[in-house]
Amino acid sequence: MRKSIKRSADTTATAAPGAPEARSDDARSQRTDTMAQLRRELILDAARATFFELGLQGASMREIAKRAGYTPGALYSYFASREEIYAALLGESLLRLNAQVAGAPGGGNAADRVRSKASAFFDFYRDNPRDLDLGFYLFQGVRPSGLSRELDAQLNAQLRSALQPTADALGEYDLNASACETEVTALFAHMVGLLVLIHTGRIRMFRQHAPQLLAQYLDQLTERLQRAGH
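Within every chain, residues take consecutive numbers counted from 1 along the sequence as written. Reporting in this predicted model follows two pLDDT cut-offs: at least 70 for local features of residues, and 80 or more for side-chain atom pairs to be given and counted; totals over whole chains, interfaces and linings ignore these cut-offs and use all residues. Values shown for side chains rest on all heavy atoms present in the structure; no hydrogens or waters enter the calculation.

Observations regarding the pattern of salt bridges
Criterion for a salt bridge: a side-chain nitrogen of Lys or Arg within 4 Å of a carboxyl oxygen of Asp or Glu. Inspection of the entire model under this criterion finds 14 salt bridges. In this structure, Asp131 and Arg96 form a salt bridge, with 2.6 Å as the shortest nitrogen-oxygen distance. Of the two residues, Asp131 is situated in helix α7 (residues 129-135) and Arg96 in helix α5 (residues 82-103); the sequence distance between them amounts to 35 residues. Categorising residues by exposure relies on relative accessible area from a 1.4 Å probe, with only protein chains included: less than 20% of the type maximum marks a residue as buried, more than 50% marks it as exposed, and the intermediate range marks it as partly exposed. We classify Asp131 as buried; its relative accessible area is 8%. Taking relative accessible area as the criterion, Arg96 reaches 32% and is therefore assigned partly exposed. Between Arg160 and Glu181 there is a salt bridge; the shortest N-O distance is 2.9 Å. One end of the pair, Arg160, is in helix α8 (residues 149-171); the other, Glu181, is in helix α9 (residues 177-200), and 21 residues separate them in sequence. By relative accessible area, which is 28% here, Arg160 ends up partly exposed. Look at Glu181 and you get partly exposed, because its relative accessible area is 36%. Helix numbers and strand numbers start at the N terminus; a helix is a DSSP run of H or I with at least 4 residues, a strand a run of E with at least 2.

Section: the nonpolar core
By convention a nonpolar core is built from buried Ala, Val, Leu, Ile, Met, Phe, Trp, Tyr and Cys residues, the set being connected through side-chain atoms within 4.5 Å. In terms of nonpolar packing, the biggest core is built from 59 residues, with Phe51, Ile85, Leu97, Phe121, Tyr125, Leu170 and Met191 touching the most fellow members. Put simply, the parts of the chain that give this core at least two residues each are α2 (20-58), α3 (61-68), α5, α6 (110-127), α7, α8, α9 and α10 (210-227). By definition, residues are in contact when any of their heavy atoms lie within 4.5 Å. Setting aside chain neighbours within four positions, we find Phe121 in contact with Leu97, Val101, Leu159, Ala162, Leu163, Phe188 and Met191.

What to know about the packing of aromatic side chains
Stacked, edge-to-face and tilted are the three classes for Phe, Tyr and Trp ring pairs, Trp counted by its six-membered ring, which pair at centre distances within 6.5 Å; planes under 30 degrees apart are stacked, over 60 edge-to-face, the rest tilted. Overall, the coordinates contain 4 aromatic pairs when judged by the stated rule. Between Phe51 and Tyr86, the aromatic rings sit 5.4 Å apart at their centres with planes inclined by 85°, giving edge-to-face as the arrangement. With Phe51 in helix α2 and Tyr86 in helix α5, the pair connects residues that are 35 residues apart, well separated along the chain. On the basis of an interplanar angle of 80° and a centroid distance of 5.2 Å, the ring pair of Phe124 and Tyr125 is categorised as edge-to-face. Phe124 gets classed as buried once you look at its relative accessible area, which sits at 2%. Looking at Tyr125, the relative accessible area reads 1%, which means it is buried. These aromatic residues form a ring-pair network of at least three members: Phe121, Phe124, Tyr125 and Phe188.

Details of the packing of α6 against α10
A fitted line through C-alpha atoms represents every axis, and for helices the fit uses only the stretch in contact; the resulting angles, taken between N-to-C directions, go from 0 to 180 degrees. Relative orientation of the contacting elements α6 and α10 amounts to 155°, with a least axis distance of 10 Å. Classed by the angle they form, the pair α6 and α10 counts as roughly antiparallel. In this structure, the crossing between α6 and α10 has a hand that is right-handed. Here Ala111, Val114, Arg115, Ala118, Ser119, Phe122 and Arg126 of α6 lie close against α10, whose contacting residues are Ala210, Pro211, Leu214, Leu218, Asp219, Leu221 and Thr222. We call Asp, Glu, Lys and Arg charged. Ala, Val, Leu, Ile, Met, Phe, Trp, Tyr, Cys and Pro are nonpolar, and the rest, Gly among them, are polar. When its residues are assigned to classes, the contact of α6 with α10 shows 9 nonpolar, 2 polar and 3 charged. With respect to orientation, any angle under 35 degrees is reported as roughly parallel, any angle over 145 as roughly antiparallel, any angle of 65 to 115 as roughly perpendicular, and every other angle as oblique. Whether a crossing is left-handed or right-handed is set by the direction in which the near helix is turned from the far one by less than a right angle, anticlockwise for left-handed and clockwise for right-handed.

A short note on the side chain of Asn98
As for its placement among the helices and strands, Asn98 is situated in helix α5. We classify Asn98 as buried; its relative accessible area is 19%. Reaching out from Asn98, the side chain makes a polar contact with the backbone nitrogen of Ala162 at a distance of 3.1 Å. Pairing of N or O atoms within 3.5 Å defines a polar contact, subject to two protein rules: one partner must be a possible hydrogen donor and the other a possible acceptor, and residues neighboring in sequence count only if both atoms are side-chain atoms.

Some remarks on α10
Here the expected length of a helix is defined as 1.5 Å per residue gap, with one fewer gap than residues. In this model α10 runs 26 Å from its N-terminal to its C-terminal C-alpha over 18 residues, within 8% of the 26 Å that 1.5 Å per residue would give. Every buried residue of α10 is accounted for by Ala210, Leu214, Tyr217, Leu218, Leu221, Thr222 and Leu225. Along the axis of α10, the buried positions cluster into a sector of 120°, meaning they face one direction only. Facing away from the buried side of α10 by over 90 degrees, the exposed positions are Gln220, Gln226 and Arg227. Where α10 is buried, its residues touch α6, α8 and α9. This arc corresponds to the set of directions leading from the helix axis out to the C-beta atoms.

A word on the side chain of Gln158
For Gln158, the position within the fold is in helix α8. Separated by 3.3 Å, the side chain of Gln158 and the backbone oxygen of Gly91 make a polar contact. Residues in contact with Gln158, not counting those within four places in the same chain, are Gly91, Leu94, Leu95 and Asn98.

Written out as structure tokens, the structure reads:
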């Protein structure tokens, strides 16, 4: 009887947390997760190059798989479609956009914060033209078919989040919600227009400097709101 009890105790000990077998299982699980993340990043890198070279419509799962060094079937273990891959790339881009806006100086008065946060938004896309290519989906430049309503809402929320610090600064002028939304929309349209002119090279036709034009717009906006007594 005592031998039987001892064997049972030994079995329990080997399954206890912290035992060598348990640590080995944890290590294998961690390695598996790390490898899966690396493969996912490799797929995204290949997809990014494919989208930039061939456009969304010209990119296929087969082409992305070839550039990543996988079979098309292997890609479907990570992404259900090219639109889902596109959404992942755009989501990562928007995270970096939000980080840049959040990191912009937030001191000074309302006018200082409007200039700082709006300029950070603009500078992100000016300095990262490939992110602008991705962002054109949100700017309604392209409309990938098959992107789910949930993903669409999530991506638009991330874009809106990057504009929110500017909206908050404008709100300090005591604008009501409707007036604030109007000003943010107009500012967004102005920035996108300038970015398109830079991106296409058309800004040279007007012999203008886009950042300077944005600075003038922001000065006029904040001065107008100040004169209005907001």
